[in-house]
Amino acid sequence: MNFYSLNKQAPEVSFRDAVINGIAPDRGLYFPESITPLPDSFFENIEELSNQEIAFNAIHQFVSDEIPNEKLKEILVNVLDFEFPVVEIEDTIATLELFHGPTMAFKDVGARFMANCLGYFSEGESHKVTVLVATSGDTGGAVANGFLGVMGVKVVILYPSGKVSDIQERQLTTLGQNITALEVDGTFDDCQKMVKTAFLDEQLLSNMQLTSANSINVARWLPQLFYFLFAYKQAKSQGIEIVFSVPSGNFGNICAGMVAQRLGMPVKHFVAATNVNDTVPEFMKTGTYNPKPSTATISNAMDVGDPSNFIRIRHLFQDNFDTLSENLSSFTFSDEKTRFAMKAIYNDSKYIADPHGAVGYLGLKKYQEKHPNTYGIFLETAHPVKFLDVVEETIPEKLAIPPQIQKVMGKEKKSIHIAAYQELKDFLLQN
Ligand SMILES: *Cc1c(COP(=O)(O)O)cnc(C)c1O
């Protein structure tokens, strides 16, 4: 299977090269040349399949023979070694918990899958690959954990000093080995700018193989489609139409859900729920895409003003606004509404939602007002303990610290302070 650039000014490449390049030379996102539906029998008998079998069937056409089947199966066993439960909290509302992985963020699956693919592709190569990633919080921990100890791959994570939570900082600064954390005196946007500058720096590019580990990379983006299939498997017996509500920032997760739909998953509609960063809800209302600077919120992993994957969604629907609208609704919610939802969920169901999941819940509720005869599943993308302050000041409950988090609490932080791009460049050239 080849992947083409959505800017159409770069050559088609294999899965391997799409993973190693991250982004195409014309700065376009890679997109698979075809998406072939799985046979009906796959969905009819999905309850009988293990998660690894479901994942293999779904991802195989994209990886094709660039990773041998047995190796791909082995990778999927490594990546999917935890649960993805659908937990019902109301009669027709359930949550798909995606936070049971090693860093308790849904990004664990994509980060681990990409790390395993890159590790496989680097075997026997004399050149190391350097993964450069900027994080506002959750991505860094998942990437650090996923890539830890992967041979032939070095990981450099930039994060804004003082602007990530204590738990998040420990998750990305305490691992050591092939993972280096650069603590930037600046904001997330400054980190992001440095990474973008590095990817255009000819001197760097001629000295090393640089790649990105955000959801632009197809190996991080595509495996997210597994979640929707795992949820479908669990909720199918409800016997009514299933709708997914996805708390969205860069729109990689929901876009992967729409790829699962193209694979034949019998789900007709998706809801993209956002915080006040409402570029997509505005687009779905007006048809005009108007990116803007991001606004800080309590669901900070979704503070994105120009979602990088939305272009993939538009492409999936050939940029036809009417068909897109039949498949996608998008709603925006304030922090006040989000906290209100966290309280309501807690009071009615004794369930503790994190701020991102609560935004997803609100999106679902709003959709179900007009579409009551549906079974709604909202995605819980992070464990509430990762947003401890917000959760504990919103609901009357003290959260227990799970073992995955306890493990990093006692470890020593190691980071290198940088303030300017030249320091990043010097670091990359010297190491
Ligand atoms: C990254 C993230 C999101 C947003 O996912 P996208 O694929 O960028 O839309 C939502 N919730 C949490 C907790 C995240 O870490």
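Keep in mind that this is a model prediction, so the values were computed, not measured.

Reading guide: rules and limits
- Residues numbered from 1 in each chain as written.
- Predicted model: local features only at pLDDT ≥ 70, side-chain atom pairs only at ≥ 80, totals over all residues.
- Heavy atoms only, no water.
- Helix = DSSP H or I, 4+ residues; strand = E, 2+ residues; numbered from the N terminus.
- Rg over C-alpha atoms; globule rule 2.2 N^0.38 Å.
- Buried < 20%, exposed > 50% of the residue type's maximum accessible area, 1.4 Å probe, protein only.
- Contact = heavy atoms within 4.5 Å.
- Areas by Shrake-Rupley, 256 points an atom, 1.4 Å probe, with all protein chains shown as cover.
- Lys, Arg positive; Asp, Glu negative; His and termini not counted.
- Charge placed at Lys NZ, Arg CZ, Asp CG, Glu CD.
- Core = buried A, V, L, I, M, F, W, Y, C linked by side-chain atoms within 4.5 Å.
- Phe/Tyr/Trp six-rings, centres within 6.5 Å; stacked < 30°, edge-to-face > 60°.
- Lys NZ or Arg CZ within 6 Å of the ring centre and 35° of its normal.
- Salt bridge = Lys/Arg side-chain N within 4 Å of Asp/Glu carboxyl O.
- Near = heavy atom within 4 Å.
- Polar contact = N/O pair within 3.5 Å; in protein donor to acceptor, adjacent residues only side chain to side chain.
- Pairing = 2+ DSSP bridges.

Engineer: Would you explain the overall build of the protein chain in this entry?
Structural biologist: Each helix and strand in the protein chain was counted, giving 20 helices and 14 strands. On C-alpha atoms alone, the protein chain measures out to a radius of gyration of 20 Å, which is about the 22 Å that the 2.2 N^0.38 rule sets for 431 residues. Based on the C-alpha atoms only, the size of the protein chain along its principal axes is roughly 60 × 50 × 40 Å. Of all 431 residues assigned to the protein chain, the portion counted as buried reaches 58%. Within the protein chain, contacts between residues separated by at least 24 positions form 76% of all contacts whose residues are at least 6 apart in sequence. Surface accessibility of the protein chain: about 17,300 Å² in total, with carbon and sulfur atoms responsible for 49%. Across the protein chain, the centroid of the 36 positively charged side chains sits 3 Å from that of the 52 negatively charged ones.

Engineer: Which parts of the structure should I look at to understand the nonpolar core?
Structural biologist: Here is a general trend for soluble globular proteins: nonpolar side chains tend to be buried in one another's company. Formed by 106 residues in total, the largest nonpolar core has its most connected members in Phe 15, Phe 113, Phe 147, Leu 225 and Phe 244. Here this core gets nine residues from one element, more than from any other, and that element is helix H11 (residues 225-235). With residues near it in sequence (within four places) discarded, Leu 225 still touches Ala 58, Phe 62, Ala 256, Val 259, Ala 260 and Leu 263. Counting 31 residues, the second-largest nonpolar core is a separate cluster that includes Phe 99, Met 302, Met 342 and Val 385.

Engineer: Help me understand the environment of Leu 205, please; the structure alone is not making it clear to me.
Structural biologist: When you line up the elements, Leu 205 lands in helix H9 (residues 202-207). By relative accessible area, which is 34% here, Leu 205 ends up partly exposed. Each residue touching Leu 205, except ones within four places of it in the same chain, is listed here: Ala 198, Phe 199, Leu 200 and Leu 210.

Engineer: Explanation requested: the packing of aromatic side chains in the structure shown.
Structural biologist: Each pair of aromatic rings is reported with the distance of its centres and the angle of its planes. Here the structure, examined in full by the defined rule, presents 21 aromatic pairs. Each ring, one from Phe 228 and one from Phe 270, has its centre 6.1 Å from the other, and the planes form 65°; the classification is edge-to-face. Of this pair, Phe 228 sits in helix H11 while Phe 270 sits in strand E11 (residues 269-274), and the two are 42 residues apart along the sequence. Residue class for Phe 228 comes out buried when judged on its relative accessible area of 0%. Judged by centre distance (6.1 Å) and plane angle (20°), the ring pair of Phe 244 and Phe 270 falls under stacked. Taken together, the residues Phe 244 in strand E10 (residues 242-247) and Phe 270 in strand E11 connect sequence positions 26 residues apart. Comparing Phe 244 with Phe 270 shows no difference in burial state: the two are buried. Among the aromatic side chains, those forming a connected cluster through ring pairs are Phe 82, Phe 84, Phe 106, Phe 226, Tyr 227 and Phe 230. Looking at Lys 73, its charged tip hangs above the ring of Phe 56, at a distance of 4.9 Å from the centre.

Engineer: Just checking my understanding: could you explain the pattern of salt bridges for this structure?
Structural biologist: Side-chain pairs of opposite charge can arise where the charged atoms are in close proximity. All told, the structure shown has 18 salt bridges when counted by the stated rule. A salt bridge links Arg 16 to Asp 17; the nearest nitrogen and oxygen atoms lie 3.6 Å apart. Residue classification places Arg 16 among the partly exposed positions, given a relative accessible area of 26%. Between Glu 392 and Lys 398 there is a salt bridge, and its shortest N-O distance comes to 3.3 Å. Classification of Lys 398 by relative accessible area gives exposed; the value is 69%. Each of the salt bridges in this network shares a partner with another, and the network as a whole consists of Arg 16, Asp 17 and Glu 125.

Engineer: Please clarify how the site of the ligand should be interpreted in this entry.
Structural biologist: The full set close to the ligand counts 15 residues, and Lys 107, Gly 249, Asn 250, Phe 251 and Thr 381 are the nearest of them. One of the side-chain nitrogen or oxygen atoms of Lys 107 is found 2.5 Å away from an oxygen atom of the ligand. Within the side chain of Thr 381, an N or O atom sits 2.8 Å from a nitrogen atom of the ligand. For the ligand, the protein covers 97% of the area, taking 390 Å² as the surface of the free molecule.

Engineer: Honestly, helix H6 (residues 138-147) in this entry has me stumped. Any pointers?
Structural biologist: Buried residues dominate H6, accounting for nine of its ten residues. Residues of H6 that are buried: Asp 138, Thr 139, Gly 140, Gly 141, Ala 142, Val 143, Ala 144, Gly 146 and Phe 147. Where the residues of H6 are buried, they touch helix H5 (107-122), strand E6 (129-134), strand E7 (153-160), helix H7 (166-173), strand E8 (179-184) and helix H10 (218-221). Within two residues after H6, Gly 149 carries a phi angle of roughly 80°, on the positive side.

Engineer: Please explain the sheet that holds strand E3 (residues 30-32) as it appears in this structure.
Structural biologist: Paired through their backbone hydrogen bonds, the strands of a sheet run either parallel or antiparallel. Read from one edge of the open sheet, three strands run E2-E1-E3, paired in antiparallel fashion. The open sheet is flanked by strand E2 (13-14) and E3, the only strands paired with a single partner. As judged from the two bridges shared by strand E1 (residues 2-5) and E2, these two strands associate in the antiparallel manner. Among the inter-strand pairings, Asn 2 is bridged to a residue of E2, identified as Ser 14.

Engineer: Would you mind going over the pairing of strand E12 (residues 328-332) with me for this structure?
Structural biologist: The side chains of a regular strand alternate between the sheet's two faces. Among the five residues in E12, four count as buried, and that is most of the element. Looking at chain direction, E11 and E12 are connected through five bridges and run parallel. Its bridge partner lying in E12, Thr 274 is registered against Thr 332.

Bear in mind that shape data such as this cannot, by itself, settle questions of function.
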